[in-house]
Structure formats: structure tokens, C-alpha cells
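What follows is each chain in one-letter form.
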Amino acid sequence: MLSLCCILALLASFCPDTSGTTAGVKVKLTQKGLEYGKCNIKHGRQEVGHQCLLPQSAVGLVPGIGVSLIISDGYIDTGGNWRVKFLGFISDSGTFDLSVCGLTITTTITIKSDGTGRPMVRSANCEASLSHARIRLRGGASWLYNMFNGYINKKVRKELQRKICPLVSENIQKINSYMKTLNVLKKIDRYAEIEYGLTESPVVSVSSTELSLKGEFYNIGVHKKPAFAPTPFSLPPNERNMLYMGISAFTANSAGFVYKNAGALRLRITDKMIPRAFPYRLNTKTFEALIPQIAKQYPNMMMKLLVKAATAPTVTFAPNNVTLQANTTVTVYAIQPNTTLTTLFILNVDASLSAHVYVIRKNLAGKLSLNKFNIDLGTSYIGPFKVKPLASFLQIMLKIVIPHVNVILQRGFPLPNIANISLVKPRLVIMKDYVLIGTDVQFKP
């Protein structure tokens, strides 16, 4: 049962059911992954009063239902104490040795919701048989009872065979105790959490099981829906790797929506943040050549910038290309001698950036680079001026902002919950509307 538990735990660990929602993330476990789950944990002996060996087993997928398990040629050697009492006052006792061989079990397991949104497994059907059961009594009047050994063995075999399937069902039910502990949400940081609940029942085919997951970011404790919805997508019929994941643009954009709402997409820039090698300093003297009235109205003052998102950034996935569109405002302040900030003007900046996306450990990470940007004057408190001369200065400022964003992106965001599993040689491909990750896996008990 160990390999089956391993496979069911893998299928279930991608979290609870949130039926009726289009998937933002999809996960596919292939036959190769299923075989690895079967073979990774070997059936063996238990040295706690008995021996049990299940030398041959097969785990497969049952289209439209779930997982099948077949165990054959199993045997059990065990022992214990026996006691008998009859006529109300005559009793006898001793020990026994029991050998069972030719054990065959066939069962099918379904995976459904338990009504609270969490997965629940159940044995849909079970068949069990024993070729032989041999019991040997010792002690007491065992010499007498062993004369009826043939009759006793037959009754023992029949009784054991009757109890095998209930025991199988009981052990499958125990997996539900683990499933009830599955967490719907994964906290990212003090701003955001992500939900990876199932949006529909797993789709089981002959060669794979596919799970549709919500894959949506939320503000901590506040589940506000964005104005956009996931675009339906399908994973390609690849079977080379054990596991495939598709992360949609919806998931990435829900992250932008959440961080914008939290006020996290902002950065204050001071002169200390500008490398000494840069030709511009953040003071009114620098701006004298660009906007003469600044130096006249606010001579010899340091300056500060506030860069913040005007709207949530938008990520677009196209074949082999990831683009991020950011609409921001840049508020420019003069720092008075008493440290009071005086607003000088506000720029509207629309920037297009390319993103390099990759997998690090079990996180999806990225790095941005600037493609182009456009600026226009939003509000001026110092009179009209031309914004075009500011383009070079602003490009330098963006070279400061983008690395700060990349520090966060390079930490990565967690992929669907795959506890005790590491990704082996993950390969990432940018598809239309989603990122495809193909990987093998390694269990780490």
C-alpha cells in the first residue's frame, strides 16, 4: 500500500476543491511519474512479530475514475497466542504460527471532494483471494487440534479472505486524515498569499491525470476578485517527463493586482541610491539645465522621487516571449532645509519590459529588463516645461528601480504544493497565455 499512498498523496497535495472556477494553473502527472511513485518505495518486510512481502504490484490509471492497484503473489508469516473456552469452565491456550501465500488484491480508488472542498479517497471496489493458509498450533492440547488441521486451515483462509478488503478500505480511508490537513493557501509574504485549490475533479486518462488548480493570488485575509478572469488553456500531450505544470498569465496578473492593492508597488529614490559613476545627481542643480525654473525656485536643494504603479502591471505570455506592461507615476520632490517635501511635478511613465522566467528549487522566478518607455507630464507645480529632455535622466532612474524589483522576483513564488518532492532538471517553455514546466521528480521521505 505504500506506493499507492505515495501516488495518492502526490495527486491530493495539489490541494482542495474550489469547483466552478476556471483554472489558473494546471498540473499533469504522467504514466512515467506514476511508475516512479510505484517503484520508489519498495515493498518489504516488517520485523514486528510478523513478516509481510508483496513482491508484485501494479499501479495504473482508470480513465474517468481514479487509480487502480493490483498486488499479487504476496505472503504473510505471522504468529500469536490462541485461547479457547468451552462448556463455561474448560479453557486452553498456547501459541500459533500462521503462513499465508498466494495473496492477491485488486482495488480501484476514486478521488473526490469531501464536501468541505478537500480531496477524499475511497475504495470503489475491491477483490481479494488467498491460495493457501496454514496454521500450526503449539502448547495446550494443540496435538489434538492439529489433527483437524485441514478443516482449520480452510476456515482460517476463508475468514482472512473475507477481512482483507475491509482492511484495504480502512487503510485507504486513513489517507483522508492527511488530506484534511492540506492548506488551501500558501503565504508568500506580508502582502500576499496564493490559493492552489482544485477547480474541478481530476481528469484521468489512460496515460495521465490532470488537475486544474485555481492559482490565484490574494491579499492576506482579503479575497478581492480582480476584474479579469483566467483564459482557458490546455496542456500539450507531452509524456516525456513525470510532471507538467502550466502557469497562466492570469496567475501572474493576479499577483500584480494584489501587490498594487497592498501599496507594495512603490519605491522612494534618494541621491544615496544613485551610483557615483552616474552623470546625474538628485538635486536641483542637476535639473537646472533640464528645467531652469527648478533651480531658480528651489536653489541648492536635494531631491527625492516616488515611483509607484498607477495601475496593476500586466503580464503577457506569447511563444518564447514574456512581456510586462507597467503604467507608473513618478512624483518629484524638493527637500526643504527643514526636510519638508515640496511636490514639483508628476510624470506619467508607461514602460514595456521583457521578462526572463525560470525555476529555482520549487519556485517560479523572473528577471526584468527594459524595452522602451514613454513619458508625459501629469501635473506641474512649477509651471509648464518640456518633458523630452528628462528622458535620459528617467532612463537612469529606471535602471535603479528595475534591480530593486528583480531582487523580489528572483526570490520566486511557490509552485503548487509538492512537499517532500524535489524537481529534477525542470525545463521551462513560454507558450501562448501560459508557461509550461516539464520536470521529473524525486521523492524525499
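Residues numbered from 1 in each chain as written. Predicted model: local features only at pLDDT ≥ 70, side-chain atom pairs only at ≥ 80, totals over all residues. Heavy atoms only, no water.

If you look the protein up in an unreviewed UniProt entry, it shows as Bactericidal permeability-increasing protein from Electrophorus electricus.

A. Molecular detail of the overall build of the protein. Regarding its fold elements, the protein presents seven helices and 22 strands. Within the protein, contacts between residues at least 6 apart in sequence are counted, and of these 67% link residues at least 24 apart. Of the roughly 22800 Å² of accessible surface on the protein, 55% is carried by carbon and sulfur atoms. (Helix = DSSP H or I, 4+ residues; strand = E, 2+ residues; numbered from the N terminus. Contact = heavy atoms within 4.5 Å. Areas by Shrake-Rupley, 256 points an atom, 1.4 Å probe, with all protein chains shown as cover.)

B. Spotlight on helix 7 (residues 391-409). The terminal C-alpha atoms of helix 7, which comprises 19 residues, lie 26 Å apart, in line with the 27 Å expected from a rise of 1.5 Å per residue. Three or more residues of helix 7 are buried, namely Phe393, Leu394, Ile396, Met397, Leu398, Ile400, Val401, Ile402 and Asn406. Considering only its buried residues, helix 7 is in contact with strand 14 (266-269), strand 15 (303-309), strand 17 (321-335), strand 18 (341-360) and strand 19 (363-380). (Expected span 1.5 Å × (residues − 1). Buried < 20%, exposed > 50% of the residue type's maximum accessible area, 1.4 Å probe, protein only.)

C. Representation of the pattern of salt bridges within the structure. Overall, the coordinates contain eight salt bridges when judged by the stated rule. Residue Glu195 pairs with Lys214 through a salt bridge whose shortest N-O separation is 3.7 Å. Of this pair, Glu195 sits in strand 9 (residues 192-195) while Lys214 sits in the loop between strand 11 (208-213) and strand 12 (216-219), and the two are 19 residues apart along the sequence. For the salt bridge of Arg281 with Asp271, the shortest nitrogen-to-oxygen distance reads 3.3 Å. Highlighted residues: Arg281 in the loop between strand 14 and helix 6 (292-297) and Asp271 in the loop between strand 14 and helix 6, separated in sequence by ten residues. Asp271 matches Arg281 in its accessibility class, with the two residues each being buried. Connected through shared salt-bridge partners, Glu159, Arg162 and Lys163 make up one network. (Salt bridge = Lys/Arg side-chain N within 4 Å of Asp/Glu carboxyl O.)

D. Seen up close, the pairing of strand 14. The side-chain alternation of strand 14 yields one buried face, formed by Leu267 and Ile269, and one unburied face, formed by Arg266 and Arg268. Looking at chain direction, strand 14 and strand 15 are connected through four bridges and run antiparallel. Following the sheet pairing, Leu267 is matched in strand 15 by Val307. (Pairing = 2+ DSSP bridges.)

E. How the structure looks around the sheet that holds strand 8 (residues 185-187). Pairing is antiparallel in the open sheet, where three strands are placed in the order 8-9-12. Only two strands of the sheet have a single partner each, and these edge strands are strand 8 and strand 12. For this sheet, the mean angle separating the axes of adjacent strands, direction not counted, is 30 degrees. In this structure, strand 9 lies alongside strand 12, joined through four bridges in antiparallel fashion. What sits directly across from Ile194, in strand 12, is Phe217. (Axes fitted to C-alpha atoms, helices over the stretch in contact; angles between N-to-C directions.)

F. Structural view of helix 4 (residues 149-179). A rise of 1.5 Å per residue sets the reference length of helix 4, with its 31 residues, at 45 Å; its end C-alpha atoms lie 45 Å apart and thus fit the reference within 8%. Of all the bends in helix 4, the greatest, near 30 degrees, is centred on Ile164, and the proline Pro166 appears no more than four residues after it. Buried residues of helix 4: Asn149, Asn153, Val156, Ile164, Cys165, Val168, Ile172, Ile175, Asn176 and Met179, and no others. (Bend = angle between axes of the 7 residues up to and from the residue.)

G. Spotlight on the pairing of strand 3 (residues 56-62). One ladder, built from seven bridges, connects strand 3 with strand 4 (residues 66-86); its direction is antiparallel. Looking at strand 4, one finds that Ala58 is bridged to Ile70. With antiparallel pairing between neighbouring strands as the criterion, strand 3 and strand 4 make up a hairpin whose turn holds three residues, including Gly64 at a positive phi of roughly 80 degrees.

H. Summary view of empty space enclosed by the protein. Applying the stated criterion across every chain yields a total of one cavity of 30 Å³ or more. The calculated volume of the largest cavity comes to roughly 40 Å³. For the largest cavity, the full set of lining residues is Phe287, Leu305, Val330, Val332, Phe345, Leu347, Leu390, Phe393 and Leu394. Put simply, the parts of the chain that give the lining of the largest cavity at least two residues each are strand 17, strand 18 and helix 7. (1 Å grid on protein atoms, 1.4 Å probe; cavity = no way out; pocket = protein on both sides within 12 Å on 5 of 7 lines; lining within 4 Å. Points joined across faces, edges and corners; volume = space filled by probe spheres on them.)

I. Highlighting the layout of surface pockets. The space that makes up the largest pocket amounts to roughly 1200 Å³. Taken together, 50 residues form the lining of the largest pocket, with Leu265, Leu324, Leu368, Val405 and Leu409 sitting closest to its centre. When grouped by side-chain class, the residues that make up the lining of the largest pocket number 37 nonpolar, eight polar and five charged. (Nonpolar A, V, L, I, M, F, W, Y, C, P; charged D, E, K, R; others polar.)

J. Structural context of the packing of aromatic side chains. Across all of its chains, the model carries nine aromatic pairs by this definition. On the numbers, 5.4 Å between centres and 90 degrees between planes, the contact of Trp82 with Tyr145 is edge-to-face. Of the two residues, Trp82 is situated in strand 4 and Tyr145 in helix 3 (residues 142-145); the sequence distance between them amounts to 63 residues. Its relative accessible area of 12% is what places Trp82 among the buried residues. Aromatic pair Tyr259 and Phe413: ring centres 6.3 Å apart, planes at 55 degrees, arrangement tilted. Highlighted residues: Tyr259 in helix 5 (residues 249-261) and Phe413 in strand 20 (residues 413-414), separated in sequence by 154 residues. Ring-pair connections join several aromatic residues into one group, and the members of that group are Tyr191, Phe217, Tyr259 and Phe413. Over the face of the ring belonging to Phe233 we find Lys26, whose NZ or CZ atom lies 5.4 Å from the ring centre. (Phe/Tyr/Trp six-rings, centres within 6.5 Å; stacked < 30°, edge-to-face > 60°. Lys NZ or Arg CZ within 6 Å of the ring centre and 35° of its normal.)

K. Fine view of unusual backbone geometry. Here the phi dihedral of Asn320 falls at roughly 60 degrees; this positive angle occurs in a residue that is not glycine. Note that Asn320 resides in the loop between strand 16 (314-318) and strand 17. Of the residues examined, Asn320 reaches a relative accessible area of 68% and is grouped as exposed. A positive phi is found at Lys425, a non-glycine position, where the angle reads about 50 degrees. Turning to its location among the elements, Lys425 is positioned in strand 21 (residues 421-430).

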